[in-house]
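Given next are the chains, with one letter for each unit.
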Amino acid sequence: MQYSFQWQRYLCISISLFFLLVVLIIPLCTIFYSGLQAGWQVFLESLQQVEARNAILLSLTVIAIVLPINLFFGLMMAWLLANFDFKGKALLSSLIDLPLAISPVVAGLMFVLLFGVHGLFGGWLAAHNIEVIFALPSIILTTLFVTFPLVVKSLLPTLKTLGNQEEQAGLTLGASGWTIFFRITLPKIKWALLYGVVLANARALGEFGAVSVVSGNIRNLTNTIPLHIEILYNEYQFTAAFACASLLAAMAIFTLLAQHGIAYWQKHKTTTVAQG
């Protein structure tokens, strides 16, 4: 029976590989080719321009701020949903999924309506000289909005599968809550947590739509790497645009390799423990 569908299997494999070649591999190779076409010297000079350095620095700053917030709220929400039953649990779970369904542009507009000059809190913010829209806080808020579900979604299946029997045993033996968390819970979920962090950081680094709406595209101030690439491309600075795009693509490939590495080590550890 397993050989009767052999030609269908090879057909599906061939179609899948052809599809990936056309829509993924060839375009990705084109980005690297275009970025390096003028040589390594021009490539490095494009990345060392003041605007490029500021865009890279801003993107890294946003990630550095968003990461601990994602870790805290992602852990808390996943632990809450995995271990407790309460009224509104289904609603909370649906709300966590909402940023994955809403267009990033719509997400950016929501924050403009809240914190813009004519927004709900805009008058109060202006009276107290607090800048949110067209400044770093709005970029952080929109990035948080589009990335925090990724940590929760990575942790939740692992927490549900492993259960909380070990934590209950720790409580019975008199261990404190922090001891249980750092000695029992965190080691169990460390690979899933790392996987979620890698995904969230990759999403934050490449976010364009929501950040474009709230940033104002102010050169050297609110332009992240994707926004800087768009400006370079619109100004016909193709070599510099493709150089920055190559950097972003390289980071995406590194993220992919990190994901596979995490999955491999998690599987290896599980197999070792099972054999032991």
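The residue count restarts for each chain, going from 1 along the sequence in the order it is written. Given that the model is predicted, a residue must reach a pLDDT of at least 70 before its local features are reported, and side-chain atom pairs must reach 80 or more before they are shown or counted; all residues, however, enter totals for whole chains, interfaces and linings. Side-chain numbers here rest on the full set of heavy atoms in the structure, without hydrogens or water.

### Comments concerning the nonpolar core
Heads up, the condition is: Here, nonpolar core refers to any group of buried Ala, Val, Leu, Ile, Met, Phe, Trp, Tyr and Cys residues whose side-chain atoms link them within 4.5 Å. Any residue under 20% of the maximum accessible area for its type is buried, any over 50% is exposed, and the rest in between are partly exposed; the area is computed with a 1.4 Å probe on protein chains only. To qualify as a helix, a DSSP run of H or I must reach at least 4 residues; to qualify as a strand, a run of E must reach at least 2; elements of each kind are numbered from the N terminus. In this analysis, two residues are considered to be in contact whenever any of their non-hydrogen atoms come within 4.5 Å of each other.
Judged by nonpolar contacts, the single largest core of 16 residues is most densely connected at Leu155 and Leu193. Listed by contribution, the elements that provide at least two residues to this core are helix H3 (50-83), helix H7 (136-162) and helix H9 (177-206). With six residues, H7 is the largest single contributor of residues to this core. Not counting the four nearest positions on each side in its chain, Leu193 is found in contact with Leu71, Leu75, Val151, Leu155 and Leu186. Grouped together as the second largest cluster of nonpolar side chains are 15 residues, Leu47, Leu205, Leu232 and Ala240 included.

### So, H9
Note the cut-off: For a helix, the expected span equals 1.5 Å multiplied by the number of residues minus one. At every residue, the bend is computed as the angle between two fitted axes, covering the seven residues ending there and the seven beginning there respectively.
The first and last C-alpha atoms of H9 sit only 37 Å apart over 30 residues, clearly below the 44 Å expected at 1.5 Å per residue. The largest bend in H9 is about 60°, located at Lys190. Those residues of H9 that fall on the buried side of the exposure criterion are Ile180, Ile184, Thr185, Ile189, Ala192, Leu193, Gly196, Val197, Val198, Ala200, Ala204 and Leu205.

### Some remarks on the side chain of Thr222
This is how it is decided: Throughout this description, a polar contact denotes any pair of N or O atoms lying within 3.5 Å of each other; where both atoms belong to protein, one of them has to be capable of donating a hydrogen while the other can accept it, and for residues adjacent in sequence the pair is counted only when both atoms sit in side chains.
Mapped onto the elements of the fold, Thr222 is located in the loop between helix H10 (209-215) and helix H11 (225-234). In terms of polar contacts, Thr222 uses its side chain to reach the backbone carbonyl oxygen of Ser215, at 2.8 Å. Reaching out from Thr222, the side chain makes a polar contact with the backbone nitrogen of Ile218 at a distance of 2.9 Å.

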